[in-house]
Amino acid sequence: MGEIETTIGAAVVCGGVMAWLLVERQREGRRARLLLAGRGVVATGPPSWQQTVGELRRLRGRWRGEWWALAVGVALALLAASAIPLLAGAAGVPVLRRARLARQERRDREARADAVIALCGALAGEVRAGRQPGEALLRAARDSGGLGEARAAVVAAARFGGDVPGALAAAARQPGADGLLGLAACWRVAVDQGAGLAAGLDRLDAALRAERDQRADLRAQLSGARATAVLLAALPVLGLLLGSAMGADPLRVLLHTGAGLGCLAVGAVFEGAGMWWAARIVRGAETA
C-alpha cells in the first residue's frame, strides 16, 4: 500500500510541476508580447479581471477535453488509494482525443458541404445576372468558402482561361466537397455543348440540399440509439455511486480484492466491446 501511495503522490507532484511550468511559459510569452507591443514598457501591477478571464480561456483552449479523463483518474486514485484509476485515465486520453478529432472532422466536412451548396447558389445567381461563367465563378468564390484550400487554383483557372473543371475536380478531393464534381460536370457541359449553366446549377443545388436534408434526418433518427448507448455505458458508474451512497464502499472491493479486480477486468472488457459494437452499428447506418 505504501508503494502505491508513493507512486500516486509522485504522479500528482509531476502533474503540478507540469501545470506550473505551463503557466510560467504562458506568462513569459505574454510579457514578451507586451514588451514588443509597448516598446519595452510593461505594466507591473496586478492583472485585471479581463486579463484573468482571457488567460483562463486560452488555457481552456489549450487543454482539450480528453485531459479530463486523466484528472478524474488522479482524483479516483487519491480517493481509492490505488494506481488503477490513474492508469485507466491515462489510457482514456488517446481514446477521447481520437473521438474529439473524429467529431471535429465531421463538423468540418459538413461545413464544407454547406459551403459548396452556397457556392452553387451564388454562382447560379451571378450567371442569371448576365455575367460570363469565369467572372461569375470569381465573384461566387470570393463570397463563398466552398472551394476550401483549392480556392487559389480554381480562381487562377477561371481568371486566366485554364482548366476550370479539372481544378474543381481536384478541389472535390477535400472531405465534404464532393458536390464540386457535379459543378465541374455542369461547367464542362455548359462550355463544351453550350447548355445553360444556371439550369444545371439549380438542379445540382437542389440535389445537394436534398442529400443534406436526408443526412440530417438520418442523424436525427439515430440520435435515440446514441442516447441509449451512452445511458447503458453510464450505468456502471451509476451503480458505483449508489453503492457508495449505501455505504458499501465498492471502490475498495473492486480495487483491493482479487474478486473485485477480476470483476473489474471482465466488466471493462464487456463495456468496451459494447460501446465499440454500438458505434459500429451507428456508423454502418450512417454510411448506408
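Just above sits the structure.
Residues numbered from 1 in each chain as written. Predicted model: local features only at pLDDT ≥ 70, side-chain atom pairs only at ≥ 80, totals over all residues. Heavy atoms only, no water.

Glancing now at the overall build of the chain. Scanning the chain from N- to C-terminus turns up 11 helices and 0 strands. Mapped in sequence order, the helices and strands of the chain form the string α-α-α-α-α-α-α-α-α-α-α. In the chain, buried positions account for 24% of the 288 residues. Across the chain, every contact between residues at least 6 apart in sequence was considered, and the portion connecting residues at least 24 apart equals 55%. Surface accessibility of the chain: about 18800 Å² in total, with carbon and sulfur atoms responsible for 64%. (Helix = DSSP H or I, 4+ residues; strand = E, 2+ residues; numbered from the N terminus. Buried < 20%, exposed > 50% of the residue type's maximum accessible area, 1.4 Å probe, protein only. Contact = heavy atoms within 4.5 Å. Areas by Shrake-Rupley, 256 points an atom, 1.4 Å probe, with all protein chains shown as cover.)

Under the criterion given, the structure shown has 1 aromatic pair. Their ring planes at 50° and their centres at 6.0 Å tell us that Trp276 and Trp277 sit as a pair that is tilted. (Phe/Tyr/Trp six-rings, centres within 6.5 Å; stacked < 30°, edge-to-face > 60°.)

Another point: the pattern of salt bridges. Enumeration over the complete set of coordinates arrives at 9 salt bridges. Notably, a salt bridge pairs Glu135 with Arg139, separated by 3.7 Å at the nearest N-O pair. One end of the pair is Glu135 and the other is Arg139, both in helix α5 (residues 133-143) and 4 residues apart, which spans about a single turn. Judged by relative accessible area, which is 37%, Glu135 ranks as partly exposed. With relative accessibility at 28%, the residue Arg139 sits in the partly exposed group. With its nearest N and O atoms 2.9 Å apart, the salt bridge here joins Arg209 to Asp205. Highlighted residues: Arg209 and Asp205, both in helix α9 (residues 197-245), separated by 4 residues, approximately one helical turn. The class of Arg209 is partly exposed, set by a relative accessible area of 35%. (Salt bridge = Lys/Arg side-chain N within 4 Å of Asp/Glu carboxyl O.)

Across its 14 residues, helix α3 (residues 67-80) extends 20 Å between first and last C-alpha, which sits within 8% of the 20 Å expected from 1.5 Å per residue. Phi for Ala81, located one or two positions after α3, is positive at around 55°. (Expected span 1.5 Å × (residues − 1).)

Here we take up the state of the cysteines. Linking two cysteines covalently via their sulfur atoms produces the bond known as a disulfide. Overall, the coordinates contain 0 disulfides when judged by the stated rule. Just so you know, Cys120 is unpaired, no disulfide at all, and the nearest cysteine sulfur is the one on Cys186, 7.6 Å from it. A relative accessible area of 18% means that Cys186 is categorised as buried. (Disulfide = S-S within 2.5 Å.)

Counting residues in each nonpolar core, the largest one holds 34 residues, and the members touching the most others are Leu123, Leu168, Leu180 and Leu183. For this core, the secondary structure elements donating two or more residues are α4 (84-128), α5, α6 (151-159), α7 (164-171), α8 (179-193) and α9. For this core, the element with the most residues is α4, which contributes 7 residues. Filtering out sequence-adjacent residues up to four positions away, Leu123 remains in contact with Pro133, Ala136, Leu137, Ala140, Leu183 and Leu201. (Core = buried A, V, L, I, M, F, W, Y, C linked by side-chain atoms within 4.5 Å.)

Turning our eyes to something else, we now look at a positive patch on the surface. Taken together, the side chains of Arg103, Arg106, Arg107 and Arg109 define a basic patch exposed on the protein surface. Of note, Arg109 is situated in helix α4. According to the relative accessible area criterion, Arg109 is partly exposed, its value standing at 33%. (Patch = residues over 30% accessible without salt bridge, like charges linked within 9 Å, V, L, I, M, F, W, Y side chains within 5 Å. Lys, Arg positive; Asp, Glu negative; His and termini not counted. Charge placed at Lys NZ, Arg CZ, Asp CG, Glu CD.)

Attention now moves to unusual backbone geometry. The backbone of Ala81 shows a phi angle near 55°, a positive value even though the residue is not glycine. Structurally, Ala81 is set in the loop between α3 and α4. The phi angle at Asp249 is positive, at roughly 55°, despite the residue not being glycine. Here Asp249 is to be found in the loop between α9 and α10 (250-256). On the basis of relative accessibility, which here comes to 38%, the residue Asp249 falls in the partly exposed class.

Moving on: α9. Look at α9: 69 Å from first C-alpha to last across 49 residues, which is about the 72 Å you get at 1.5 Å a residue. The largest bend along α9 measures about 35° and falls at Leu235, with the proline Pro236 one to four residues further on. Inspection of α9 places Leu197, Ala198, Gly200, Leu201, Leu204, Asp205, Leu208, Leu222, Ala233 and Gly243 among the buried residues, and these make up the whole buried set. Gly247 lies just past α9 and shows a positive phi near 80°. (Bend = angle between axes of the 7 residues up to and from the residue.)

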